[in-house]
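These are the residues of each chain, in order.
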Amino acid sequence: MLSLYLHFPFCKRKCFYCDFFSMAAERAEIAAYCAALEKEISLMAGKYAHMPVDTVFIGGGTPSIVPESLMDGVLAAVRNHFTIAEGAEFTSEANPGTLRDGWLNTMVANGMNRLSIGVQAQQEHLLKLLGRMHDFPMALAAFAMAKKHGITNINADAMFGLPKQGVSDYVETLRALADAGATHLSAYALQVEEGTLLAAQVAEGTLRVPNQDETADMLEAGISSLSNLGFERYEISNYARPGFACRHNIGYWTQKHYLGLGVSAASHLPASPDATPAVYTRRQNTHDIKQYMAALAEGVLPPASVTGVAAKEAMFETVMLGLRMVQGLRYADFAALHGQTLQAVYGEAIRKLTNEGLLETPCVNEPRLMLTARGLAVQNTALMAFLQED
Ligand code: SF4
């Protein structure tokens, strides 16, 4: 099985905290990009079309600003070149204020059955401070429009740890998103990224980012509020109503193969047609949109860095990604993937972190390695112990 990711790097304007590559573009530029993407789809299908696709994710940028006729062409190319499995999960990101009936029609006609809406916060002052283009009524309108088109599996993004955000602001945002019909919430702490307007405001003292304790209080209040609202935390930053966990993202965290298409898209692919899942290569397309489009106009794949992953690195990645999941990593899955037991490879790190109360190894039914609540809060520190055992 394979997951597909398609990247659209266009946004109406830059949010103040965002350091992703994205640009404003006219229709002609978006059309040229879509033509390049269709070419890349056809070239990559030559290598991977034999793998049925069980999840598709359209991300950006803002996919909902891509004109529907252009999006239709790209999705037709996907359907013509790949086999989409029965019951596949098909998600697209969208931003409030850019969602349109025509766009939703096109997406649903092409198989989209899950929408991810970038809301971030309910409060007007926070949306302004983040440089978002929408207000909360626009976000509610996006939910209503999605439901009108039969989409009942809806994620909303929310942020915490924002300047001028109180615990109650965050909790009210989560409640409002649940009330609006979200079945899934991705709730991330703000990262102040170098080079952004927000970073400059923080550096000059115009804005103050909550300290570690304040951010931890928001995290805890959010976890408890979402649990009361019927959402289960299944990954460090992701919560779902029963049956609505995101299959595409679980694929990332459990090291399933995925093919990323578009400028700057990343892939995790079998090293050879008969390689085991533990032997894979990483492919990272160029971040330069001009280079990306020029290569595809010549009919060749865009420049990309392609690296094989050594066995030890692959094992660490299994642990690092597996421990993001609240259910942790099954001993049996690690052994099946790598041919060695977790104890044999990481016995010392497991002992150390268990003694420190950061890790537990419950043995009910299927032995697994899990971070404790405290371990989840300091995940990066915990992972260092596994790195040091290399
Ligand atoms: S909409 Fe998303 S990708 Fe675009 S600038 Fe804002 S945060 Fe970045």
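Residues numbered from 1 in each chain as written. Predicted model: local features only at pLDDT ≥ 70, side-chain atom pairs only at ≥ 80, totals over all residues. Heavy atoms only, no water.

### Focus: the overall build of the protein chain
Helix and strand counts for the protein chain stand at 15 helices and 15 strands. Against the compact-globule benchmark of 21 Å for 390 residues, the protein chain has a radius of gyration of 21 Å, which places it among compact chains. In terms of overall dimensions, the protein chain has a C-alpha envelope of 60 × 55 × 40 Å along the principal axes. Counting only residues that meet the buried cut, the protein chain has 52% of its 390 residues in that class. A separation threshold of at least 6 residues defines the contact pool for the protein chain, and within that pool the share at least 24 residues apart is 70%. Carbon and sulfur atoms form 55% of the exposed surface of the protein chain, whose accessible area is close to 17,000 Å². In the protein chain, 30 positive and 39 negative side-chain charges are present, and the distance between their average locations comes to 2 Å. (Helix = DSSP H or I, 4+ residues; strand = E, 2+ residues; numbered from the N terminus. Rg over C-alpha atoms; globule rule 2.2 N^0.38 Å. Buried < 20%, exposed > 50% of the residue type's maximum accessible area, 1.4 Å probe, protein only. Contact = heavy atoms within 4.5 Å. Areas by Shrake-Rupley, 256 points an atom, 1.4 Å probe, with all protein chains shown as cover. Lys, Arg positive; Asp, Glu negative; His and termini not counted. Charge placed at Lys NZ, Arg CZ, Asp CG, Glu CD.)

### Observations regarding the pairing of strand 6 (residues 184-189)
Here strand 5 (residues 154-160) runs beside strand 6; their pairing, made up of six bridges, is parallel. Bridge pairing in strand 6 places Ala158 opposite Ala187. With helix 6 (residues 167-180) bridging strand 5 and its parallel neighbour strand 6, the resulting β-α-β unit is right-handed. Both strand 6 and strand 8 (residues 238-240) contribute to a ladder of three bridges, which runs antiparallel. For Ser186, the partnering residue across the bridge sits in strand 8 and is Asn238. (Pairing = 2+ DSSP bridges. Right-handed = clockwise from strand over helix to strand, strands pointing away.)

### Overview of the sheet that holds strand 14 (residues 359-360)
Read from one edge to the other, the open sheet built from three strands follows the order 13-15-14, with strand pairing classed as antiparallel. If you trace the sheet from one side to the other, it starts and ends with strand 13 (329-330) and strand 14, each paired once. Bridge count for strand 13 against strand 15 (residues 368-371) is two bridges, and the pairing is antiparallel. Residue Arg330 lies in a different strand from strand 15, and its bridge partner there is Arg368.

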